[in-house]
Protein chains: 2
Amino acid sequence: MLAELEALISLTPDFPQKGILFRDISPLLKTRLNDTIEAMAALFTSAEWSEIDAVVGIESRGFILASAMAYARNKELLLVRKPGKLPPPVHTVSYTLEYGQDSLQMSSQFSPSRVLVVDDVLATGGTLRATCQLCEQAGHRIHGIVTLIDLEALNDFHWGDIAPRACFRY
Amino acid sequence: MLAELEALISLTPDFPQKGILFRDISPLLKTRLNDTIEAMAALFTSAEWSEIDAVVGIESRGFILASAMAYARNKELLLVRKPGKLPPPVHTVSYTLEYGQDSLQMSSQFSPSRVLVVDDVLATGGTLRATCQLCEQAGHRIHGIVTLIDLEALNDFHWGDIAPRACFRY
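Since we're looking at a predicted model, the values are computed, not measured.

Asks: Teacher, can you tell me more about helix α5 (residues 126-137) of chain A here?
Replies: One turn of the α-helix equals 3.6 residues, which is why residues spaced by three or four share an orientation. All names here are of chain A. Over its twelve residues, α5 runs 17 Å from end to end, which matches the ideal 16 Å to within 8%, given 1.5 Å per residue. Within α5, the full set of buried residues consists of G126, L128, A130, T131, C132, L134 and C135. The inward-facing, buried residues of α5 abut β3 (54-58), β4 (76-81), β5 (90-96), β6 (101-107), β7 (114-122) and β8 (141-150).

In structure tokens, the structure reads:
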């Protein structure tokens, strides 16, 4: 089934800028959302899922996958957002982009959970690293990291002894 | 059950700017995501759901609710995004904000669907109006509009003969 799902990720060269091959998951989300969520969730065993309280979704495409996965496995949903979107109190982590800096925030109002971090694409790893830092600042314990796509040619990302899992690797 | 859910929406005065009472759904999403999605989905009958092919999610909090609702009812998911995020070809609609202009985009690559438009909050209606325009430009037929919260004191929004539905009205 993974090959069928993969065939629904369309490729756009030079988007959003020259030299980038954009992998658009819109056709996949349109026609096979449920199978996609199941494929990602199935990267973790039942025993692993039983030790996860909450799914962490990263703004904004990460929200799509994290929310449906939290729903599917009846877990809590925690949000990591761009600055200024979450009301205080929040934790903030800044990180370096190819051009300039960006930052992410997570609420500090919740008690610690055992979390699974979810995003759509793992590229350089900057966003996931900042998210893992936020989770730890907020007292959450990271039990897993999963993306739909891992552009592993661009990164060697891991968090401590936790290796990211992915449905598709390029 | 709606009263229990409503009690989990926290209020932050003067956020993101002075004079705004921000209704934060983070505590609700954390602890009662599935009940929230069921409450929103239950605003439509089974007969109404049977005539809906796709759920339209609006970036970015709309993604959270739309994606889980599409998963829950096994529907397609269509995205309305901020400019420059979706690869071409796209439809674009601009709309006026309190200060300045904004625009939204939707892919024009998909064949027409019967859609349910989903967002978190209906405030002035600008975002929902732009989204409905995009859906029609893309050939989709709007069968319903739903938000978790309708700040109806701020709007009199409807789309043709379609009135928005909401779990909570203020």
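Asks: Explanation requested: the side chain of R23 of chain A in the structure shown.
Replies: Residues and elements named next belong to chain A. Tracing the backbone through its elements, the reader meets R23 in strand β2 (residues 21-24). An unpaired buried charge is present at R23: no salt bridge exists, and E6, the closest side chain of opposite charge, is 6.0 Å distant. Beyond its immediate chain neighbours, meaning those up to four positions away, R23 contacts I9, S10, L11, I149, L151 and Y170.

Asks: Can you walk me through the interface of chain A and chain B in this structure?
Replies: By a frequent convention, interface size equals the accessible area lost on bringing the separate parts together. With 39 residues of chain A in contact, the opposing surface of chain B contributes 39 residues. Here chain A and chain B share an interface that buries about 3,400 Å² over both sides, 61% of which is from carbon and sulfur atoms. On the surface where chain A and chain B come into contact, there are two salt bridges. Salt-bridge contacts for K30 of chain A lead to E76 of chain B; the nearest nitrogen and oxygen are separated by 3.1 Å. Our count for the chain A to chain B interface comes out at 16 residue pairs in polar contact (both at pLDDT 80 or more). Of all the elements in the fold, those that place two or more residues in the side of chain A that touches chain B are β2, α2 (26-41), α4 (61-73) and β4 of chain A.

Asks: Looking at this structure, how should I read the pattern of salt bridges?
Replies: Two side chains that carry opposite charge are able to pair once their charged atoms sit near each other. Residue and element names in this part refer to chain B. A complete count under the given rule lists 23 salt bridges over all chains for this structure. For R81, the salt bridge goes to E59, with nearest N and O atoms at 3.0 Å. Of this pair, R81 sits in strand β4 (residues 76-81) while E59 is found in the loop between β3 (54-58) and α4 (61-73), placing the two residues 22 residues apart along the sequence. E59 matches R81 in its accessibility class, with the two residues each being buried.

Asks: Looking at this structure, I do not really get the relation of the copies chain A and chain B. What am I missing?
Replies: Two copies of one chain are present, and they are related through a rotation about an axis combined with an axial shift. If you rotate chain A by 180 degrees and push it 0.0 Å along the axis, it lands on chain B with an RMSD of 0.0 Å. Such a turn and shift between the copies fits a two-fold axis. Rotation axis and chain A: the residue whose C-alpha lies nearest the axis is A68 of chain A, separated from it by 2.1 Å. Comparing interface residues between copies, 100% of those in chain A also lie at the interface in chain B; the contact surface is shared.

Asks: Before we go on, may I ask you to explain the nonpolar core in this structure?
Replies: Nonpolar side chains in soluble globular proteins tend to be buried together. Within the largest apolar cluster, 64 residues are counted, with the highest numbers of intra-cluster contacts made by V118 and L148 of chain A together with V118 and L148 of chain B. Sequence-distant contacts of V118 of chain A, defined by excluding residues within four places in its chain, comprise M40, V55, V56, G57, I58, G62, L65, A66, M69 and V146 of chain A.

Asks: Hey, could you run me through the confidence of the model for chain A in this one?
Replies: Atomic detail in the predicted coordinates should be set aside for any region of low pLDDT. For chain A, the mean per-residue pLDDT works out to 97, and 100% of the residues sit at or above 70. At the level of chain-chain contacts, confidence expressed as ipTM amounts to 0.97, with global pTM at 0.97.

Asks: In this structure, what is going on with helix α2 (residues 26-41) of chain B? I would like to understand it.
Replies: Over its 16 residues, α2 of chain B runs only 19 Å from end to end, short of the ideal 22 Å by more than 12%, given 1.5 Å per residue. By the largest-angle criterion, R32 of chain B marks the main kink of α2 of chain B, which is about 105 degrees.

Asks: Help me understand the environment of L77 of chain B, please; the structure alone is not making it clear to me.
Replies: Relative to the helices and strands, L77 of chain B is located in strand β4. Given the relative accessible area of 2%, L77 of chain B is considered buried. With 23 residues separating them along the chain, L77 of chain B and A54 of chain B place their C-alpha atoms 5.5 Å apart. Ignoring sequence-local partners within four residues, the contact set of L77 of chain B consists of L29, K30, L33 and I64 of chain A together with V55, G57, A66, S67 and A70 of chain B.

Asks: Would you mind showing me how to read the sheet that holds strand β5 (residues 90-96) of chain B here?
Replies: Consider a sheet: its strands pair through backbone hydrogen bonds, and that pairing is either parallel or antiparallel. Residue and element names in this part refer to chain B. If you trace the seven strands from one edge of the open sheet to the other, you get β5-β6-β4-β3-β7-β8-β9, paired in mixed fashion. Taken across any chain shown, the strands that pair with only one partner, and hence form the sheet edges, are β5 and β9 (165-169). Neighbouring strand axes in the sheet, compared pairwise and without regard to direction, differ in orientation by 25 degrees on average. As defined by bridge partners, β4 adjoins strand β6 (residues 101-107) across two bridges and the pair is classed as antiparallel. Each residue of the ladder has a partner; that of R81, found in β6, is Q105. Contacts from α4 reach β3, β4, β7 (114-122) and β8 (141-150), with the element oriented near 135 degrees to β7.

What counts as what
- Residues numbered from 1 in each chain as written.
- Chains lettered and ligands numbered in written order.
- Predicted model: local features only at pLDDT ≥ 70, side-chain atom pairs only at ≥ 80, totals over all residues.
- Heavy atoms only, no water.
- Helix = DSSP H or I, 4+ residues; strand = E, 2+ residues; numbered from the N terminus.
- Expected span 1.5 Å × (residues − 1).
- Buried < 20%, exposed > 50% of the residue type's maximum accessible area, 1.4 Å probe, protein only.
- Contact = heavy atoms within 4.5 Å.
- Lys, Arg positive; Asp, Glu negative; His and termini not counted.
- Salt bridge = Lys/Arg side-chain N within 4 Å of Asp/Glu carboxyl O.
- Buried area = accessible area lost by both parts, 1.4 Å probe.
- Polar contact = N/O pair within 3.5 Å; in protein donor to acceptor, adjacent residues only side chain to side chain.
- Least-squares fit on C-alpha atoms with pLDDT ≥ 70 in both.
- Core = buried A, V, L, I, M, F, W, Y, C linked by side-chain atoms within 4.5 Å.
- pLDDT = per-residue confidence, 0-100.
- Bend = angle between axes of the 7 residues up to and from the residue.
- Pairing = 2+ DSSP bridges.
- Axes fitted to C-alpha atoms, helices over the stretch in contact; angles between N-to-C directions.

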